[in-house]
Amino acid sequence: MKKVFCILLSLLMVLSASSMACAAITPEPASDSFALPPVIEPLGLVYVNDNVSSSAVFETQPFSCVSGNGNSLRYWFQNDGSSKCTVQLYKKTILGLAYTQAPFTVAAGGQKSQVLSNPGNTTFVIRITAADGGVVKGQLRANQLDLTTS
């Protein structure tokens with residue numbers, strides 16, 4: 001009975017992995033001024049919070065990328081608050097959080113994304129800070145995908 005159960009679980013895992021591998025990734029428009037959030041398909045989604053709300057600083061729970069799921073990590077923030085916000089991606093290490101690349105700033109009412117190449121098997125944290133110590137409010141998403149360079 002245990003063998004049959006193990007075989008069924010293995011079969012279910014293989015079938016679910018193969019169906020996720022068929023999911024399509026829609027590239028994001030080049031402009032930061034699009035009206036809707038970027039399309040992030042279920043396979044590449046590593047973090048989503050459509051109701052970010054915090055005083056002065058918001059920090060995500062750690063999330064991980066997996067080698068083979070894509071050669072890029074794209075993270076996006078829509079600022080629904082009244083304060084300009086700075087968005088910083090950190091890599092989680094045994095010594096704490098380490099900078100990955102330069103932060104970006106999102107004006108009140110604006111939205112912006114940034115891409116990190118080769119995220120590999122890494123755990124990340126995103127920190128959003130309001131410039132004037134005000135409220136951080138908006139939507140935050142991150143996905144792992146394959147981006148080709150031309």
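Residues numbered from 1 in each chain as written. Predicted model: local features only at pLDDT ≥ 70, side-chain atom pairs only at ≥ 80, totals over all residues. Heavy atoms only, no water.

Enquirer: Any details on the overall build of the protein? Residues and values, ideally.
Expert: Along its length, the protein carries one helix and 10 strands. Each helix and strand of the protein, placed in order from N terminus to C terminus, yields the pattern α-β-β-β-β-β-β-β-β-β-β. When each of the 150 residues of the protein is scored for burial, the buried share is 35%. For the protein, the share of sequence-separated contacts (at least 6 apart) that also reach a separation of at least 24 residues comes to 76%. (Helix = DSSP H or I, 4+ residues; strand = E, 2+ residues; numbered from the N terminus. Buried < 20%, exposed > 50% of the residue type's maximum accessible area, 1.4 Å probe, protein only. Contact = heavy atoms within 4.5 Å.)

Enquirer: So what about the nonpolar core? Which residues, and what values?
Expert: Core analysis: the largest hydrophobic core is formed by 21 residues, its most contacted members being Ile126 and Ile128. Elements represented by at least two residues in this core include exactly β1 (45-55), β4 (72-79), β5 (85-93), β7 (104-106), β9 (123-130) and β10 (135-145). Considering each element in turn, this core owes the most residues, four residues, to β9. (Core = buried A, V, L, I, M, F, W, Y, C linked by side-chain atoms within 4.5 Å.)

Enquirer: Quick rundown of the sheet that holds strand β8 (residues 111-117)? Include the residues and the values.
Expert: Two strands in a sheet stick together by hydrogen bonds in their backbones, pointing the same way (parallel) or opposite ways (antiparallel). Taken in spatial order, the four strands make up an open sheet running β1-β10-β4-β8, and their pairing is antiparallel. This sheet does not close on itself; its edge strands, each paired only once, are β1 and β8. Taking each pair of neighbouring strands and ignoring which way they run, the sheet shows an average axis angle of 15°. (Pairing = 2+ DSSP bridges. Axes fitted to C-alpha atoms, helices over the stretch in contact; angles between N-to-C directions.)

Enquirer: Residue-level account of the packing of aromatic side chains, with values.
Expert: Here the structure, examined in full by the defined rule, presents four aromatic pairs. On the numbers, 5.7 Å between centres and 35° between planes, the contact of Tyr47 with Phe63 is tilted. Of this pair, Tyr47 sits in strand β1 while Phe63 sits in strand β3 (residues 63-64), placing them 16 residues apart in sequence. On the accessibility criterion, Tyr47 (13% relative accessible area) is buried. A ring pair is formed by Tyr90 and Tyr99, whose centres lie 5.3 Å apart and whose planes are at 40°; its orientation type is tilted. Among the residues examined, Tyr90 registers a relative accessible area of 9% and is labelled buried. Each residue in the set Tyr47, Phe63 and Phe124 is aromatic and connected to the rest through ring pairs, giving one cluster. (Phe/Tyr/Trp six-rings, centres within 6.5 Å; stacked < 30°, edge-to-face > 60°.)

Enquirer: Describe in detail the pattern of salt bridges, supporting the description with residues and values.
Expert: Note that side chains of opposite charge can pair when their charged atoms are close. Summed over the entire model, instances satisfying the criterion amount to two salt bridges. Where Arg141 meets Asp50, a salt bridge forms, and the shortest distance between an N and an O atom there is 2.9 Å. Of this pair, Arg141 sits in strand β10 while Asp50 is found in strand β1, placing the two residues 91 residues apart along the sequence. The exposure class assigned to Arg141 is buried, which follows from its relative accessible area of 16%. The residue Arg127 makes a salt bridge to Glu59 at a minimum N-O spacing of 2.6 Å. One end of the pair, Arg127, is in strand β9; the other, Glu59, is in strand β2 (residues 57-59), with 68 residues separating them in the sequence. Accessibility expressed as a relative area gives 24% for Arg127, which makes it partly exposed. (Salt bridge = Lys/Arg side-chain N within 4 Å of Asp/Glu carboxyl O.)

Enquirer: Tell me about unusual backbone geometry, and please be specific about residues and values.
Expert: Glycine aside, residues mostly have negative phi angles, and peptide bonds mostly take the trans form. Residues other than glycine seldom take positive phi values, yet Ala56 does so here, at roughly 70°. Note on placement: Ala56 falls in the loop between β1 and β2. By relative accessible area, Ala56 is classed as partly exposed at 25%. With a phi angle near 50°, Asn118 is a residue other than glycine that sits in the positive phi range.

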